[in-house]
Amino acid sequence: MSKKTLVVLAHPDLSKSKINAAWAKAAGALGDVTVHDLYRAYPDGKIDVAAEQALVRAHDRVIFQFPMFWFSTPALLKQWFDDVLAYGFVYGPGGDALEGKAIGVAVSTGGKADAYRAGAQNAWTIDELLRPIQGIARFVRAEYLPVFTLQGAMWGLSDDQIAASAAAYADWLVGREEALAA
Ligand SMILES: Cc1cc2nc3c(=O)[nH]c(=O)nc-3n(C[C@H](O)[C@H](O)[C@H](O)COP(=O)(O)O)c2cc1C
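Residues numbered from 1 in each chain as written. Predicted model: local features only at pLDDT ≥ 70, side-chain atom pairs only at ≥ 80, totals over all residues. Heavy atoms only, no water.

Engineer: Help me out: how do you make sense of the overall build of the protein chain in this one?
Structural biologist: Across its full length, the protein chain carries seven helices and six strands. Seen in sequence order, the protein chain has helices and strands lined up from the N terminus as β-α-β-α-α-β-α-β-α-α-β-β-α. Taking 16 Å as the expected radius of gyration for a compact globule of 182 residues, we find that the protein chain reaches 16 Å, a close match to that expectation. Considering only C-alpha atoms, the protein chain reaches an extent of 45 × 35 × 35 Å along its principal axes. Taking all 182 residues of the protein chain together, the buried fraction comes to 46%. A total of about 9,400 Å² of accessible surface is found on the protein chain, and carbon and sulfur atoms cover 55% of it. (Helix = DSSP H or I, 4+ residues; strand = E, 2+ residues; numbered from the N terminus. Rg over C-alpha atoms; globule rule 2.2 N^0.38 Å. Buried < 20%, exposed > 50% of the residue type's maximum accessible area, 1.4 Å probe, protein only. Areas by Shrake-Rupley, 256 points an atom, 1.4 Å probe, with all protein chains shown as cover.)

Right, dumping it as structure tokens:
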């Protein structure tokens, strides 16, 4: 049986998005992939924890897709972590909902890739900045997938670059690792 993937998408204004909108469209066209748009589901910011936990239970892999905001996630995704990843659900007695599953991140950034390294403007790599999510994966005993990213939005990306990234994202979502090199 093929693996079911949940994309938890957190972009506060998809109508103005280029990257995340293109990624979401590519993901939505795939079988066995559910794209769940958090800001659309919860415009008032009040997360239905039981509904989110049911979604997590129904999938084998959970991908967090978002634009980097202040070296972190948009606020509603942080809220999702705080509310949904509860005691008794992913840790503590019976808390095995993510155990043995896979967690991944697809993140877009305004800054270019070469700004994300020691000695450059943003000092840390994307992998280093995403340690809190890697920490979640480790804590809930899930596999942490290699990060998928497209960087340099602030500097202007061509439609072709974004389309190529969306195609690579679709490959990455269905587990083709070579998509990371694209
Ligand atoms: C509030 C806010 C904070 C941001 N913080 C960062 C940041 O820390 N690093 C960065 O590279 N880009 C940052 N950006 C730029 C976004 O990451 C970028 O616009 C986004 O990834 C583009 O994706 P989209 O086309 O889907 O909107 C920030 C943008 C906003 C609105």
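From this point, things continue past the structure.
Engineer: I keep staring at the site of the ligand and nothing clicks. Help me out?
Structural biologist: What surrounds the ligand is a group of 16 residues, the closest being H11, S17, M68, S108 and Y116. Within the side chain of S17, a nitrogen or oxygen atom sits 2.7 Å from an oxygen atom of the ligand. A distance of 2.9 Å separates an oxygen atom of the ligand from a polar atom in the backbone of I19. Classifying every residue of the shell around the ligand by side-chain character gives eight nonpolar, seven polar and one charged. (Near = heavy atom within 4 Å. Polar contact = N/O pair within 3.5 Å; in protein donor to acceptor, adjacent residues only side chain to side chain. Nonpolar A, V, L, I, M, F, W, Y, C, P; charged D, E, K, R; others polar.)

Engineer: In this structure, what is going on with the packing of aromatic side chains? I would like to understand it.
Structural biologist: For the coordinates displayed, the defined rule picks out ten aromatic pairs. Between Y87 and Y91, the ring centres sit 5.5 Å apart and the planes meet at 75°, which makes this aromatic pair edge-to-face. Under the relative-accessibility criterion, Y87 is labelled exposed at 58%. Of the aromatic side chains, those joined through ring pairs into one cluster are W23, F148, Y169 and W172. Lying across the ring of W155, K112 places its NZ or CZ 4.5 Å from the centre. (Phe/Tyr/Trp six-rings, centres within 6.5 Å; stacked < 30°, edge-to-face > 60°. Lys NZ or Arg CZ within 6 Å of the ring centre and 35° of its normal.)

Engineer: What is the right way to look at the environment of A142 in this model?
Structural biologist: Summarising the element assignment, A142 is placed in the loop between helix 6 (131–139) and strand 5 (143–144). Along the chain, A142 and T109 lie 33 residues apart, while their C-alpha atoms are 25 Å from each other. When residues no more than four places from it in sequence are discounted, the contact partners of A142 are L98, G100, K101, I103 and A137. (Contact = heavy atoms within 4.5 Å.)

Engineer: Please explain the nonpolar core as it appears in this structure.
Structural biologist: Buried together is how nonpolar side chains tend to be arranged in soluble globular proteins. Of all hydrophobic cores here, the largest spans 35 residues; its most connected members are F64, F66, L77 and W80. Listing elements by their share of this core, those giving two or more residues are strand 1 (5–9), strand 3 (61–67), helix 4 (75–84), strand 4 (102–109), helix 5 (126–129) and helix 6. Beyond its immediate stretch of four places on either side in the chain, L77 contacts V8, A10, L38, F64 and F66. Listed in part, the 20 residues of the second largest apolar core include A26, A106, L157 and L173. (Core = buried A, V, L, I, M, F, W, Y, C linked by side-chain atoms within 4.5 Å.)

Engineer: So what exactly am I meant to see when it comes to the environment of G100 here?
Structural biologist: On the secondary structure map, G100 appears in the loop between helix 4 and strand 4. C-alpha of G100 to C-alpha of A142: the two residues are 42 residues apart in sequence and 5.0 Å apart in space. Apart from the residues within four sequence positions on either side, G100 is in contact with R141 and A142.

Engineer: Could you clarify how one ought to interpret a nonpolar patch on the surface in this entry?
Structural biologist: Together, Y87, Y91 and F139 give the surface a local cluster of nonpolar side chains, amounting to about 360 Å² of exposed area. Along the chain, F139 falls in helix 6. (Patch = residues over 30% accessible without salt bridge, like charges linked within 9 Å, V, L, I, M, F, W, Y side chains within 5 Å. Salt bridge = Lys/Arg side-chain N within 4 Å of Asp/Glu carboxyl O.)

Engineer: Please explain the packing of helix 1 (residues 19–28) against helix 7 (residues 159–173) as it appears in this structure.
Structural biologist: The relative placement of two packed helices comes down to the angle between their axes together with the axis-to-axis distance. In contact at an axis separation of 9 Å, helix 1 and helix 7 are set at 45° when each is read in the N-to-C sense. When the axis of helix 1 is compared with that of helix 7, the two are oblique. Crossing of helix 1 over helix 7 shows right-handed handedness. Between helix 1 and helix 7, the contacting residues are I19, A22, W23, A26 and A27 on the first element and I162, S165, A166, Y169, A170 and L173 on the second. For the contact of helix 1 with helix 7, a count of residues per class yields ten nonpolar, one polar and no charged. (Axes fitted to C-alpha atoms, helices over the stretch in contact; angles between N-to-C directions. Parallel < 35°, antiparallel > 145°, perpendicular 65-115°, else oblique. Left-handed = near helix turned anticlockwise from the far one by under 90°.)

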